[in-house]
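# A look at the structure
Chain by chain, the residues:
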Amino acid sequence: MKGLYEILTEKKWMISPDFVHGIRKALEQNLNAHAVYERTAPTCGFVTVNAADGSIYYPEEYQISEDGKQVRGQWALDSSNDDAQNFPFVSVLTIDGPITRNGGGCSYGSIDHRNMMIKAANHPLCRGHIFIINTPGGSAWAKNDYEQAINYASSQGQPVIAFVDGMCASAGMYLASLCDERYYMHPKDEIGCIGVMASFYTQADGSKNQFTDETYHELYDPESFDKNREFRDIANDGDSEKLVKELGELGVEFRADVKKACPAAKDEHLHGKVFDAEEVKGILMDAQSDFFSCVKRCFALYNGTAEPIVRKPSDDEDETKGSLNEPSDHPAHDPQLEPDKASSAKKKNHQHTIHQKSINMANYPKINAACGMQDGQQIEVKEEGAFMNAPLLDTLEAHLTAQEQAVADAKQKATTAEQSLADLQAKHDALAETIAKKDDEIKNLKEAKAKADEDIKDLNDAKAKADEEKAKVDEELKTAQASLATAQQTIADKDAQIAELNENPGEEPAQGAAPQNNGEGAQVETAKTGYPTWNPADPVGSKKAIEEYKRENGLL
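What this report covers is the structure whose coordinates are included nearby. What you see is a predicted model; the values in this text were computed from it and never measured. (Residues numbered from 1 in each chain as written. Predicted model: local features only at pLDDT ≥ 70, side-chain atom pairs only at ≥ 80, totals over all residues. Heavy atoms only, no water.)

### Notes on the overall build of the protein
- On a plain count of helices and strands, the protein comes out with 13 helices and 17 strands.
- Across the 556 residues of the protein, 31% fall into the buried class.
- Taking the intrachain contacts of the protein between residues at least 6 apart in sequence as the baseline, contacts between residues at least 24 apart amount to 65%.
- If you sum the accessible surface of the protein, you get close to 35500 Å²; carbon and sulfur atoms cover 52% of it. (Helix = DSSP H or I, 4+ residues; strand = E, 2+ residues; numbered from the N terminus. Buried < 20%, exposed > 50% of the residue type's maximum accessible area, 1.4 Å probe, protein only. Contact = heavy atoms within 4.5 Å. Areas by Shrake-Rupley, 256 points an atom, 1.4 Å probe, with all protein chains shown as cover.)

Okay, structure coming up:
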């Protein structure tokens, strides 16, 4: 339903007029009969696919391997099961029937194809794309969807090939021109019909229905004076100037894009004529081929084993270029006129002698700005060519002088900037050198600190050792003092015993002679004087002297 609605409401078409006139009655009968308008499933094709229920069908959107033996439907790109896309492939999209944006009863629309193509291009196994084309053309806007998808595929390094099998007319030719290469199946395939047309019914404001006597009214708010202006002028006043101007602008763009893609195209190929494919081989089409060869060609272009086609411009490049810039007023370009064969040959011989009377400077914005021309101004063209008057030359000279001065100013600024950059670089180098010196000083200070820390550690170790030895000597001194006290007490005890013996001899009679030594007292040597004194400066020597004294005096 969406596609049918678009066919009924779209005004601007890049389509074969024969198709428009042929389908008009079919659409009217379909609407009057309220019948379902749908396209039957294809019963033939280049490949087949097994459906989930085991049936075999001919797909129109699918992925195919280089040898053509593996085929998966578009659904495989989203699948994560065993039937997911798992081999390198070329994505195939079929355009069979009139091109619309929304699709519907005829086929998928350009929006669907755009999304399908971008999805396939994002798959890591995608190696290229093929459009199978059999179309009389269609919506003028649809080319933008295809252009967006093709540009995206090209950004991924994936070639795009157009394969014509039947008709490639108008918008179909526009689509083919966007592709990297173009091939046809049969020499009699129909190619061309380059141009734009409008086809629609109008109903004037205030008109009456002849059957119901109802009056049709079409009213607008006062500030919407440009709304639907082109079609209101035609319906109410029969004035088609604005719409024809829009169609002309689209036609200029159409022919320029085709000429860019097909540089060998001449003026005769760019104004709506339909050709047999063999007539435009090397011009609008690159060569004759078959589907599976196109698949292999895609793989070869992607892998770099084949070189892209190099196209050369036609010999009458200058004459052709003139027909691209402005809508022509040539009678053969007016769809309302049907010249007879005798006059058409004569007009063909003279079609390049008709000159444009003016040049629209809007097509040359830079020159337009340099000359100071206002929007809508034109340069007059005479038989000898286009000329500029003195004011335009003065304006252009002033503009070029200003540009020259601007370039000089820019160079001066660049020189100043370079000098500033050099100064900054010198400061940077000096700062870097200072930082390097500071780094060396910090390094030396760190090394000196480390050495000082090591010396402090050694001093601490020596102090600890001295403290340990002092503690040991103190202990020995304490022991010596205890020994000395013991010895002194022993001496005192001996002295007391001697004194007692001397003072108290034996009182009982007949005790015999007195002992010779009174015990040992008579033979005991008298204690000697000169007991060694303790020398704190030489504790070891003092201890040794005391022990020797004790031995000599029998104190040990």
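Still more ground to cover, so stick around.
### Side note on the pairing of strand E7 (residues 126-135)
- A large share of E7 lies buried, amounting to nine of its ten residues.
- By the bridge criterion, eight bridges tie strand E6 (residues 89-96) to E7 in an arrangement that is parallel. Across the sheet, the residue bridging to threonine 94 is isoleucine 132, located in E7.
- Pairing of E7 with strand E9 (residues 160-169) involves six bridges; the strand directions are parallel. Within the sheet, the bridge partner assigned to isoleucine 130 lies in E9 and is isoleucine 161. (Pairing = 2+ DSSP bridges.)

### Some thoughts on the nonpolar core
- Judged by nonpolar contacts, the single largest core of 37 residues is most densely connected at Met117, Phe131, Ile150, Met173, Ile191 and Leu284.
- Only E6, helix H3 (110-121), E7, helix H4 (142-155), E9, helix H5 (171-178) and helix H7 (241-261) provide two or more residues apiece to this core.
- The residues touching methionine 117, leaving out its near neighbours within four places in the chain, are Leu93, His129, Phe131, Ala149, Ile150, Ala153 and Val160.
- Counting 21 residues, the second-largest nonpolar core is a separate cluster that includes Tyr62, Ala287, Phe291 and Cys298. (Core = buried A, V, L, I, M, F, W, Y, C linked by side-chain atoms within 4.5 Å.)

### Some points on unusual backbone geometry
- With a phi close to 65 degrees, aspartate 213 is a non-glycine residue in the positive phi region.
- Secondary-structure assignment places aspartate 213 in the loop between strand E12 (197-198) and helix H6 (229-237).
- The backbone of asparagine 228 sits at a positive phi, close to 60 degrees, despite the residue not being glycine.
- Secondary-structure assignment places asparagine 228 in the loop between E12 and H6.

### Some words on the pairing of strand E10 (residues 181-184)
- The side-chain alternation of E10 yields two buried faces, one formed by Glu181 and Tyr183 and the other by Arg182 and Tyr184.
- Of the pairings in the sheet, the one linking E9 to E10 comprises four bridges and is parallel in character. Residue pairing for E10: valine 164 is matched across the bridge by tyrosine 184.
- Note that the unit made of E9, H5 and E10 has a crossover that is right-handed.
- Pairing of E10 with strand E14 (residues 287-288) involves two bridges; the strand directions are parallel. In the strand pairing of E14, tyrosine 183 is matched with alanine 287. (Right-handed = clockwise from strand over helix to strand, strands pointing away.)

### Quick look at H6
- All buried positions along H6 are accounted for by Glu230, Phe231, Arg232, Asp233 and Ala235.
- Its buried side turned inward, H6 meets H7.
- Just downstream of H6 lies glycine 238, where phi reads positive at about 70 degrees.

### Focus: the pattern of salt bridges
- One pass over the structure, following the stated rule, counts 18 salt bridges.
- Across the pair aspartate 461 and lysine 457 runs a salt bridge whose closest N-O atoms are separated by 3.4 Å. Remark: lysine 457 and aspartate 461 occur in helix H12 (residues 390-503); sequence separation between them is four residues, near one turn of the helix.
- One salt bridge connects aspartate 474 with lysine 470, and the closest N-O pair in it is separated by 3.0 Å. A residue pair is termed a helical-turn pair when its members lie 3 or 4 positions apart in one helix, as aspartate 474 and lysine 470 do in helix H12 at four residues.
- A relative accessible area of 36% places aspartate 474 in the partly exposed class.
- Overlapping salt bridges bring together Arg101, Arg114 and Asp145 as one network. (Salt bridge = Lys/Arg side-chain N within 4 Å of Asp/Glu carboxyl O.)

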